[in-house]
Amino acid sequence: MATEILMPALSPTMEEGTLAKWLVKEGDEVKSGDILAEIETDKATMEFEAVDEGTVGKILIEAGTEGVKVNTPIAVLVEDGESADDIDTGSNKTAAEADAPSPSGDALDDTDTAKPMSTQPGASVPEPEPVEDPEVPEGTTFKTQTVREALRDAMAEEMRADEAVFVMGEEVAEYQGAYKVTQGLLDEFGERRVIDTPITEHGFAGLATGAAMGTLRPIVEFMTFNFAMQAIDHILNTAAKTRYMSGGQMSVPVVFRGPNGAAARVAAQHSQDYAAWYAQIPGLHVAMPYSAADAKGLLKTAIRGDTPVVFLENELLYGQSFEVPDLDDYAIPFGKARIWQKGDDVTIVSFGIGMKYALEAAEVLAGEGISAEVIDLRTLRPMDTKTVIESVKKTNRCVTVEEGWPTPSIGSYLSATIMKEAFDYLDAPVLNMTGKDVPMPYAANLEKLALVTTDEVVEAVKSVCYK
Amino acid sequence: MTHPLRLHVPEPTLRPGDSPDFSGVPIPKAGSVRRPPVDADPEDIRDLAFTIIRVMARNGQAVGDWAPDIDDDELRTGLRHMMLLREYDARMLMAQRQGKSSFYMQHLGEEAISCGFRRELAEGDMNFPTYRQAGLLIADDYPMLLMMNQVYSNEGDTVHGRQLPVFYSSKDHGFFSISGNLATQYPQAVGWAMASAIKGATNIAAAWIGDGSTAENDFHAGLVFASTYKAPVVLNIVNNQWAISTFQGIARGGSGTFAARGHGFGIPALRVDGNDYLAVRAVARWAAQRARANLGPTLIEYVTYRVAGHSTSDDPSAYRPKEEGSAWPLGDPILRLRDHLIARGAWSEERHTQAEAEIRAEVIATQKEAEAIGTLTSGRLPSPAHMFEDVFEAPTPHLVRQRHEMGV
């Protein structure tokens, strides 16, 4: 049977090339491995070898032809007894036909595009129920703790429970952490497990990634997430992708944590919210807690899991106090939002420090007779969109709040999801309240303007409520 | 009087069209470099970063302190590994040229380094390799069929069609999934080694890097940590003279040799003939012993030459003299070990020719087996169902949904 020889792709990026020279002519016998032709790509000139045995029946593309697309038939190989006339150049015809307008000309027929959108093929797949928070038994006492203390307790508890857990970062040991989050850890666990590092985020993130492959469970503290850009290759190209790239053989159980987002007057290079960045990466889990209880429960889960976690804290929240259940083992599952307050008129969705504006706005709005349901996503990957959708189906309105930039943002993803899942329930467009689309200015007045404000959230809610 | 400033840009001495000339590369006589004890003070062996440790002399004899004690069987096995790797490379290169794979990277001329090094590691040790150390797998008897399946990205590929050809991955064979973003291997191997030390385990790690990517900050960060914490790690630099089209002088700068980079960190550094299988085994053994004895890291520069192109997308005739590979003064690692085995009466020309034919038949048979499963363009391809697996420990709801939407 005659076989077509196709223009080969000689590099992963090659789309077309020049057939520089034929080293065989029609009638020549060739065997596997014989060089047939020289082909020029944008990078190099390469020899192209025969795969099969046979006789060159016909050369379809002349030497010197430029711009020959990959997979174009360039010659035909025939077996003994066949002649070049028997050659069925079927695939050529098919290609030509495919280019020509089809007889009925219905490719652009209205009936095709005007067809009502089919229900999503996945719609019949039941959504797995998000895992619920651990039960807080009746009679549990609560203690008032700052977010800082709650994070420290989470690390200390997990370090007591598992020898493999250790903390490393700049100034985490002797200095007790740049923001004192690792307070007391050196005294309790010693310098073998609380490690001060040289100033090389790239170095210690890579080291932690390697240690995690070596079955330890590192907690890496970045002094702030702004400096984690130095280390992004290890976080994104190794930690997040290793399980996938190794075919499931290896995982990287590491937690990268530290303050994220704007503090006060530290300007463009030290005030960035990376929530949407990290939430975009498959293979990572991303948590961004608001309250002390959630900070503690989510960090414990992060340390125990085998998935690399980016744990985004906030400097301004470290000193805020919340009620934390006094339980031995308070671990909160990822992928479950917390409904902070129930409401009927509008859904406000936020996370991290955005919750501060969301809750303040809800209070102002309550005074004006608008009842807001306030949802804290808590983790951005996985993200509990189910709770949001259910809420929007009830309130028919939604405003999202975050400190990061608007394009694209967690809010824009939520908007798209709500449009897809609850389009018919919406009485107003979903509004995304975000930081302004500028690097953070230093001046106090400008900084305030660049961030999302409680007033803006209040105005947005009124606008979607048409009030 | 003032002079205008001039920018210094190092240039290779020769370019295409020139006659290859390595007379400027000083090659010490085999056996002339001393072998210090493994606990030597790095300060006392600084000279070993500026010479070349060589064992096999021109007449095939193994000479000097570094000549390792390896029996005939093990050496014949080593020769077989290198021959297997070379034949495998040749078949896979041809397969790429035939369109059965999109991409391939060969080891031509560098076979001794990864094949030899692996034999000095123990089970459970971990390599963080680059793409030119497939000998680590071959010398550990990793099935060649699985390597071919990976290059063909067929249904038998253990990483399910997710990685570029030659980016193998095998935890059981101490071969961490390859990062194409080079130099990440250094801090990660050091971290793995520190973890081993923290756990009180006995396994060591090995980091791999080429001459070019020693310029990456990862290389330096890796050395800082290895030095500070005396990590049980062997830090390998394969200096094959060319980082794609960039000659090694660009990354080396004024430091004389790559091995000398270790000195600023107080890390003992050795420079070795990378085409001398016995010398590779000897220095790898020395470095592994140091690591296992809690003496800390060793930096090794293997002096070799990348005879083939960087990858199948590269055409070296555009930037270096065509005959440079055959003029390389350190010779062909396979022929040198063959000659040594013949000199010690453990091999012959006839047996070598016969082994070549047997190995070729073996590799071709394996290739047929792999191609019966599939190649890049035909046969049984990786299942789209695998596309959604291993992103997380367990699939998340949105991944399950996307998978169902795709109907797989």
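Residues numbered from 1 in each chain as written. Chains lettered and ligands numbered in written order. Predicted model: local features only at pLDDT ≥ 70, side-chain atom pairs only at ≥ 80, totals over all residues. Heavy atoms only, no water.

## Digging into the overall build of chain A
In terms of regular secondary structure, chain A is built from 14 helices and 22 strands. Looking at chain A as a whole, 53% of its 467 residues are labelled buried. Expressed as a percentage of contacts within chain A between residues at least 6 apart in sequence, the contacts between residues at least 24 apart total 76%. (Helix = DSSP H or I, 4+ residues; strand = E, 2+ residues; numbered from the N terminus. Buried < 20%, exposed > 50% of the residue type's maximum accessible area, 1.4 Å probe, protein only. Contact = heavy atoms within 4.5 Å.)

## Description of the overall build of chain B
What chain B contains, in helices and strands, is twelve helices and seven strands. The C-alpha atoms of chain B give a radius of gyration of 22 Å, which matches the 22 Å a tight globule of 408 residues would have. With respect to the three principal axes, the spread of C-alpha positions in chain B is 70 × 55 × 55 Å. Each of the 408 residues in chain B was classed as buried or not, and the buried ones make up 57%. Contacts in chain B between residues at least 24 apart in sequence constitute 75% of all its contacts with a sequence separation of at least 6. Surface summary for chain B: the accessible area is close to 15900 Å², and the carbon and sulfur share equals 51%. (Rg over C-alpha atoms; globule rule 2.2 N^0.38 Å. Areas by Shrake-Rupley, 256 points an atom, 1.4 Å probe, with all protein chains shown as cover.)

## Observations regarding the UniProt feature "domain: Dehydrogenase E1 component" (unreviewed entry) in chain B
The positions UniProt marks with the feature "domain: Dehydrogenase E1 component" (unreviewed entry) are residues 81–374 of chain B. Span residues 81–374 of chain B is 43% helix and 11% strand, its end C-alpha atoms 26 Å apart. (UniProt positions renumbered as here; feature names shortened; annotations may be inferred.)

## Focus on the domain arrangement of chain A
Here chain A is described as being made up of domain 1 (3–78), domain 2 (142–325) and domain 3 (338–465). Relative placement of domain 1 of chain A and domain 2 of chain A: their C-alpha centres are 54 Å apart. (Domains from an automatic or database assignment.)

## A look at the pattern of salt bridges
Under the defined criterion, the tally for this structure stands at 54 salt bridges over all chains. Among the ionic pairs, Glu371(B) bridges to Lys100(B), the shortest N-O distance being 3.1 Å. In this pair, Glu371(B) sits in helix H11 (residues 349–373) while Lys100(B) sits in the loop between helix H1 (72–97) and helix H2 (111–118), placing the two residues 271 residues apart along the sequence. A salt bridge links Arg162(B) to Asp390(B), with the shortest nitrogen-to-oxygen separation between them at 2.9 Å. One end of the pair, Arg162(B), is in the loop between helix H4 (144–152) and helix H5 (185–199); the other, Asp390(B), is in the loop between H11 and helix H12 (397–406), with 228 residues separating them in the sequence. The exposure class assigned to Arg162(B) is buried, which follows from its relative accessible area of 15%. Residues participating in the shared-partner salt-bridge network are Glu157(A), Glu158(A), Lys296(A), Lys300(A), Arg304(A) and Asp329(A). (Salt bridge = Lys/Arg side-chain N within 4 Å of Asp/Glu carboxyl O.)

## Section: the confidence of the model for chain A
Counting all residues, the mean pLDDT for chain A is 88, and 88% of those residues have values of 70 or more. Every residue in residues 89–126 of chain A scores below 50 in pLDDT, and together they form 14 contacts with partners more than four places removed in sequence or on other chains. (pLDDT = per-residue confidence, 0-100.)

## Section: the interface of chain B and chain A
Across the contact, 56 residues belong to chain B and 61 residues belong to chain A. The contact between chain B and chain A buries some 4800 Å² in all, and 60% of this surface belongs to carbon and sulfur atoms. In this structure, the connection of chain B to chain A is made through zero salt bridges. Secondary-structure elements contributing two or more residues to the side of chain B that touches chain A are H1, strand S1 (126–128), H5, helix H6 (217–229) and H12 of chain B. (Buried area = accessible area lost by both parts, 1.4 Å probe.)

## Things to note about helix H8 (residues 277–292) of chain B
Residues and elements named next belong to chain B. When the terminal C-alpha atoms of H8 are compared, their 22 Å separation across 16 residues agrees well with the 22 Å that a helix rising 1.5 Å per residue should span. Among the 16 residues that make up H8, 13 are buried, leaving the element largely enclosed by the rest of the structure. Looking at where H8 begins, the residue whose side-chain oxygen comes 3.1 Å from the main-chain nitrogen of leucine 278 is aspartate 276. Phi for asparagine 294, located one or two positions after H8, is positive at around 60°. (Expected span 1.5 Å × (residues − 1). Polar contact = N/O pair within 3.5 Å; in protein donor to acceptor, adjacent residues only side chain to side chain.)

## Observations concerning the packing of helix H5 (residues 201–213) of chain A against H6(B)
As a packed pair, H5(A) and H6(B) sit with axes 9 Å apart at the nearest point and diverge in direction by 70°. Here H6(B) runs roughly perpendicular to H5(A), going by the angle between their axes. Both H5(A) and H6(B) take part in a crossing whose hand is right-handed. Side by side, H5(A) and H6(B) meet where His202(A), Gly203(A), Phe204(A) and Leu207(A) of the first sit next to Asn217(B), Asp218(B), Ala221(B) and Phe225(B) of the second. (Axes fitted to C-alpha atoms, helices over the stretch in contact; angles between N-to-C directions. Parallel < 35°, antiparallel > 145°, perpendicular 65-115°, else oblique. Left-handed = near helix turned anticlockwise from the far one by under 90°.)

## Structural notes on the confidence of the model for chain B
Per-chain confidence: chain B averages 94 in pLDDT, with 100% of residues scoring 70 or above. For this predicted complex, the interface confidence comes out at an ipTM of 0.77, alongside a pTM of 0.82.

## What about the packing of aromatic side chains?
All names here are of chain A. If you walk through the whole model with that rule in mind, you get 21 aromatic pairs over all chains. Where phenylalanine 222 meets phenylalanine 256, the ring centres are 5.8 Å apart and the plane angle is 15°; that geometry is what we call stacked. You can see phenylalanine 222 sitting in the loop between strand S12 (217–221) and helix H6 (232–239) and its partner phenylalanine 256 sitting in strand S13 (residues 255–259), a full 34 residues away along the chain. Summarising the burial analysis for this pair, phenylalanine 222 and phenylalanine 256 share the class buried. Between the aromatic rings of tyrosine 274 and tryptophan 277, the centroid separation amounts to 5.2 Å while the plane-to-plane angle is 75°, which identifies the pairing as edge-to-face. Look at tyrosine 274 and you get buried, because its relative accessible area is 3%. Three or more aromatic residues joined by ring pairs form one cluster here, namely Phe204, Phe222, Phe225, Phe256, Tyr274, Trp277 and Tyr278. One cation-aromatic arrangement involves lysine 180 over tyrosine 175; the distance from NZ or CZ to the ring centre is 3.7 Å. (Phe/Tyr/Trp six-rings, centres within 6.5 Å; stacked < 30°, edge-to-face > 60°. Lys NZ or Arg CZ within 6 Å of the ring centre and 35° of its normal.)

## Observations concerning unusual backbone geometry
Residue and element names in this part refer to chain A. Put simply, arginine 381 and proline 382 share a cis peptide bond, and its omega is 0°. Secondary-structure assignment places proline 382 in the loop between strand S20 (379–381) and helix H11 (385–395). Following threonine 407, the chain continues into proline 408 via a peptide bond in cis, with omega recorded as -20°. With respect to the helices and strands, proline 408 occurs in the loop between strand S21 (398–401) and helix H12 (410–422).

## Regarding the sheet that holds strand S3 (residues 29–30) of chain A
Residues and elements named next belong to chain A. Here four strands make up an open sheet; going across it, the order is S1-S8-S6-S3 and the pairing antiparallel. Edge positions in the sheet fall to strand S1 (3–6) and S3, since each has one partner strand and no second. In the sheet, strand S6 (residues 54–59) pairs with strand S8 (residues 73–78) via four bridges, with the strands oriented antiparallel. Counterpart to valine 56 in the pairing with S8 is leucine 77. (Pairing = 2+ DSSP bridges.)

## Some details on the environment of Gly31(B)
Residues and elements named next belong to chain B. By the element assignment, glycine 31 lies in the segment before H1. Separated by 261 residues in the primary sequence, glycine 31 and arginine 292 place their C-alpha atoms 26 Å from one another. Residues within four places of glycine 31 in sequence aside, it is in contact with Arg54, Val63 and Gly64.

## Concerning the pairing of strand S18 (residues 346–350) of chain A
Residue and element names in this part refer to chain A. Burial analysis of S18 places five of its five residues in the buried class, which makes it a mostly covered element. Across the two faces of S18 the burial is the same, with Val346, Ile348 and Ser350 and Thr347 and Val349 all buried. Inspection of the sheet shows S18 paired to strand S19 (residues 372–376) by five bridges, in the parallel sense. Bridge assignment links serine 350 to a residue of S19, and that residue is aspartate 376. In this region the chain leaves S18, passes through helix H10 (residues 354–367) and returns to the parallel neighbour S19; the handedness of that crossover is right-handed. (Right-handed = clockwise from strand over helix to strand, strands pointing away.)

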